[in-house]
Amino acid sequence: MDSRNRQLLHEMREATTYAQWRQAAEELDRREGWDEWKLDEASDDYDWRLIRSRLRQIRQYREQNAVAKLVHHLRQGLHWNLGNLGNPRLYARARVGTKQLVAEYAKEVATALQWVCDTELPELPHAAKLKFFNDIALSYGRSALMLSGGATLGLFHVGVVKALYRESLVPPIMSGSSAGSVVCATVGTRAAHEVEELLDPDAAYYHFWRIQPLRDVIRRRALMDQEQLRKAIAANVRDLTFEQAQQLSGRTINITVSPAGTNQQPRLLNYLTFPYLYVREAVLASCAVPLLFPPVMLMTQDERNERVPYMPLLRWNDGSLKSDLPILRMRRLHNVNHFIVSQTNPHVLPFVSHQREPGEQGLRNSARDYIYSTLRGQSKSLVDLVRQNLPVGGGVRRTLDTASSILEQDYRGNINILPEVSLWRYVNVTANPSMESVKRFMLEGERATWPRIEMIRNQTLISQTLDQCVRTLEQLQPLPGSGDRLVKRPELRVVRSTENGKR
């Protein structure tokens with residue numbers, strides 16, 4: 001490697017913005033010949049002939065103003081991962097982007113969809129157009145950003161969100177468990193233009209930890225002061241119900257909580273399943289790691305807009321114990337089929353390969369997957385054997401149930417963003433970070449996201465366009481007595497709750 005290449009690698013490692021990183025990465029790609037690889041459409045990693053053919057057809061129909069053919073072509077042929085476009089191996093070579101054909105196809109489809117949405121077409125009146133976009137959005141699916149647990153390591157998530165936000169790539173659907181729930185709820189209780197506040201390290205409050213006096217530890221059976229955690233959550237998360245948060249931010253936030261008792265299933269809290277629950281208590285419960293914090297009673301808004309307990313006999317704790325990444329539930333509720341995961345769970349990171357995606361080949365990756373799956377499977381079998389055959393109950397039974405749930409979960413998505421594993425991170429996992437550490441965690445999150453930016457852009461562009469078109473068309477309505485003339489519907493005003501829960 002010559003001196004210029006070494007300098008470019010150094011610039012990438014030390015970059016503080018995506019523009020700096022990308023400039024160095026693109027020059028290094030050019031010097032190593034990856035630009036020629038991008039221009040060559042052919043590859044065994046995807047069906048390039050199919051994608052090239054469909055790209056030409058879409059362009060031809062739009063240029064010829066052949067509306068009926070274009071609509072028919074898009075409606076029946078637009079599917080997620082068509083021709084294996086989601087194959088992570090397409091992004092395993094160049095540092096920035098992939099085959100030019102892949103990016104051109106995504107852009108052309110998005111352009112065609114936007115043209116159909118924005119153009120008055122006699123062949124496609126408003127009602128038919130709205131149905132077309134609703135149907136195709138349901139068929140195509142959506143993307144979600146999932147933020148794992150990880151205690152103080154969860155500050156890494158803030159950097160991930162910052163990198164995606166700066167490129168307008170934060171999906172409208174997010175989930176968070178434990179530490180991830182704090183970041184998810186902070187974003188999800190702000191209007192779109194207010195998210196910038198989250199990106200400033202000096203604008204948030206990061207002191208979540210305070211050890212209790214010994215007498216309180218014994219009395220409450222928890223090492224940490226939950227009031228300090230509650231204070232930190234209140235400083236970052238606005239006091240809204242899930243329904244109010246969705247109306248304000250336009251984002252669908254999902255918080256996972258695990259039952260503290262038996263005979264209950266983990267819950268995915270959002271505006272569809274629990275619209276009147278308060279987000280703050282949901283986050284408090286999701287962060288309630290057993291032994292560190294006591295379980296939490298959720299709060300809801302009643303029919304008089306009063307803050308009251310939700311099922312006061314039940315208590316809830318750390319969401320990552322049984323549902324760190326609620327993939328199956330997100331599929332069913334929100335039609336999500338593409339998952340971007342920021343993973344910081346300390347017990348997961350040593351077993352997840354860095355800078356790779358599920359399905360990537362190679363002897364090292366295959367061996368790591370084999371060892372990990374074997375160890376996990378044998379451990380779960382042993383735990384289940386004890387649960388089912390030995391007379392254990394009470395706390396021991398709950399501990400075994402939790403261990404089984406942890407071993408059973410899948411901790412990866414389609415695109416995975418991971419921090420480096422180091423002793424420094426584990427030492428600081430339950431410590432209040434200094435401002436220097438906060439900035440370091442955030443910058444690491446950004447740097448880990450930058451190599452994934454173009455992959456995320458290409459794989460989310462179509463679904464983002466579909467969402468935008470549906471919102472645009474839903475805001476239009478026919479003007480009475482004017483045929484098909486449309487006017488924009490008045491926007492609903494969101495009424496925020498006050499600190500005491502009243503509106």
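Residues numbered from 1 in each chain as written. Predicted model: local features only at pLDDT ≥ 70, side-chain atom pairs only at ≥ 80, totals over all residues. Heavy atoms only, no water.

Asks: For this particular structure, what's the right way to read the packing of aromatic side chains?
Replies: Note on aromatic pairs: each is described by the distance of the centres and the angle between the planes. Tallied over the full model, the rule gives 5 aromatic pairs. A ring pair is formed by Phe 274 and Tyr 310, whose centres lie 5.6 Å apart and whose planes are at 80 degrees; its orientation type is edge-to-face. With Phe 274 in the loop between β4 (267-269) and α13 (279-286) and Tyr 310 in the loop between β6 (307-309) and β7 (316-317), the pair connects residues that are 36 residues apart, well separated along the chain. A relative accessible area of 14% means that Phe 274 is categorised as buried. Judged by relative accessible area, which is 16%, Tyr 310 ranks as buried. (Phe/Tyr/Trp six-rings, centres within 6.5 Å; stacked < 30°, edge-to-face > 60°. Helix = DSSP H or I, 4+ residues; strand = E, 2+ residues; numbered from the N terminus. Buried < 20%, exposed > 50% of the residue type's maximum accessible area, 1.4 Å probe, protein only.)

Asks: Looking at this model, I keep getting lost on the state of the cysteines. Mind explaining?
Replies: Any covalent bond linking the sulfur atoms of two cysteines counts as a disulfide. The full count for this structure, using the stated rule, is 0 disulfides. Between Cys 469, a free cysteine, and Cys 117, which holds the nearest cysteine sulfur, the sulfur-to-sulfur gap is 3.8 Å. In this structure Cys 469 comes out as buried when scored by relative accessible area, which is 0%. (Disulfide = S-S within 2.5 Å.)

Asks: Even after reading the chapter, I still don't get the environment of Arg 166, so can you show me in this structure?
Replies: Position of Arg 166 relative to the elements: it lies in helix α8 (residues 155-166). According to the relative accessible area criterion, Arg 166 is partly exposed, its value standing at 46%. With 149 residues separating them along the chain, Arg 166 and Thr 17 place their C-alpha atoms 10.0 Å apart. Once you skip the residues sitting within four places of it in the chain, Arg 166 turns out to touch Glu 196 and Leu 199. Of note is the side chain of Arg 166, whose polar atom sits 2.9 Å from the side chain of Glu 196. (Contact = heavy atoms within 4.5 Å. Polar contact = N/O pair within 3.5 Å; in protein donor to acceptor, adjacent residues only side chain to side chain.)

Asks: Explain unusual backbone geometry here, please?
Replies: Leaving glycine out, the prevailing phi sign among residues is negative, and the prevailing peptide bond configuration is trans. A positive phi angle, near 55 degrees, is found at Arg 221, a position not held by glycine. With respect to the element layout, Arg 221 can be found in the loop between α10 (214-220) and α11 (226-236). Under the relative-accessibility criterion, Arg 221 is labelled exposed at 73%. Its identity is not glycine, yet Asn 305 carries a phi of approximately 65 degrees, on the positive side. Here Asn 305 shows up in the loop between β5 (299-301) and β6.

Asks: Would you mind going over helix α1 (residues 3-14) with me for this structure?
Replies: Helical geometry: 3.6 residues make up each α-helical turn, so side chains three or four residues apart lie on a common side. A rise of 1.5 Å per residue sets the reference length of α1, with its 12 residues, at 16 Å; its end C-alpha atoms lie 16 Å apart and thus fit the reference within 8%. What α1 keeps buried is the set Asn 5, Leu 8 and Met 12. For α1, the arc enclosing every buried residue in end-on projection is 60 degrees, short of the 170-degree limit, so these residues lie on one face. For α1, exposure combined with an orientation more than 90 degrees from the buried face picks out Ser 3 and Arg 13. (Expected span 1.5 Å × (residues − 1). Arc of directions from axis to C-beta.)

Asks: What am I meant to see in the packing of helix α5 (residues 67-77) against helix α6 (residues 100-118) here?
Replies: Between α5 and α6, whose axes approach to 11 Å, the crossing angle comes to 125 degrees. By the angle between their directions, the pair α5 and α6 is classed as oblique. Judged by the twist between their axes, the crossing of α5 over α6 is left-handed. In this structure, α5 uses Val 67, Leu 70 and Leu 74 to contact α6, whose residues at the interface are Ala 112, Leu 113, Trp 115 and Val 116. (Axes fitted to C-alpha atoms, helices over the stretch in contact; angles between N-to-C directions. Parallel < 35°, antiparallel > 145°, perpendicular 65-115°, else oblique. Left-handed = near helix turned anticlockwise from the far one by under 90°.)

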